[in-house]
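# Close look at the chain arrangement
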Amino acid sequence: MSRRRTLGTKKKIALLVGAATMAGGGAFVMANASNAAQTTQDARTKAAQDAGVCQGLATALGNNQRFIEGQRADPDAQSQARIENREAVVAEIERKQAASGCAVGESAQDSQTGRPQAGQPPQAGQEAGQDTGDQAGDRADGAAQTGEQVCAGSTVTLSGEGGAPAASSNQFPVGTRLRVTNLDNDKSTTVEVNSVSGSCALLNDAAFEQVREEGKFLIRRALIEKVS
């Protein structure tokens, strides 16, 4: 006659504790792996954002430096004043590069190429940006206006200049109204060109704030329209 062997109470408790410990350890390992993956993803996201900020500032710096070079190569009566203004803008962009942890003085050329053309400053009494719309609502208000798409494929960045919302351009004369739409967030603004620059449309700080994505200094997918 066989006898059934039974486990003592203490041995059962020991086995249960061991199993619980193993399960807890597995959960701890999985939690650590999940946290590590999230940390890596967060680091990659931040790095991508930082790269976008630095690229935008580098593009803005390159635009202004190219403009200064063009004015020195083909000066007119207003060139010296424009150069001094843009040198102050360059200093401000470099300050932003330092504050953002970017390489100070690093510049990049915008997608628009070509030599800046000489232009005239705003006429007395002309308020730059006085017809500026209000972010996304501007696009709806401008529906009745004729918009001709220009500079297809161009990116848009900021000039670093202050003042009321306005733009500068190497293709359109002072007084031209341009509507710039950020297709990544559907925000748009309509501004007047009040000076020349090294790209199709370069927004000053106030105009760029109306259409930018937070933490970015470059609009990669932009719709630029000449508004009549």
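Residues numbered from 1 in each chain as written. Predicted model: local features only at pLDDT ≥ 70, side-chain atom pairs only at ≥ 80, totals over all residues. Heavy atoms only, no water.

## What to know about the state of the cysteines
We apply this condition: Cysteine sulfur atoms are paired as a disulfide whenever they fall within 2.5 Å. Helix and strand labels come from DSSP, where a helix needs a run of H or I of at least four residues and a strand needs a run of E of at least two; each type is numbered from the N terminus. Each residue's exposure class comes from its accessible area (1.4 Å probe, protein chains only) as a fraction of the maximum for that residue type: buried when under 20%, exposed when over 50%, partly exposed otherwise.
Per the stated rule, a full pass over the model turns up two disulfides. Here Cys-54 is linked by a disulfide to Cys-102, with a sulfur-sulfur distance of 2.1 Å. Measuring the twist about the S-S bond at about -90 degrees, one finds the Cys-54-Cys-102 disulfide to be left-handed. Linking Cys-54 in helix α1 (residues 9–73) with Cys-102 in the loop between α2 (79–99) and α3 (135–141), this pair joins segments that are 48 residues apart in sequence. One exposure class covers both Cys-54 and Cys-102, and it is buried. Here Cys-151 connects covalently by a disulfide to Cys-200, the sulfurs 1.8 Å from one another. One disulfide, between Cys-151 and Cys-200, carries an S-S torsion of 80 degrees and so falls in the right-handed class. Placement of Cys-151 in the loop between β1 (147–150) and β2 (156–157) and of Cys-200 in the loop between β5 (187–196) and β6 (202–203) is noted, with a sequence separation of 49 residues between them.

## A word on the sheet that holds strand β8 (residues 222–227)
By definition, the strands of a sheet pair up through backbone hydrogen bonds, in either a parallel or an antiparallel sense. Under the convention used in this document: Here, a strand pair is defined by DSSP locating no fewer than two bridges between the strands.
The strand order β1-β8-β4-β5-β3-β6 describes an open sheet built from six strands, whose pairing is mixed. If you trace the sheet from one side to the other, it starts and ends with β1 and β6, each paired once.

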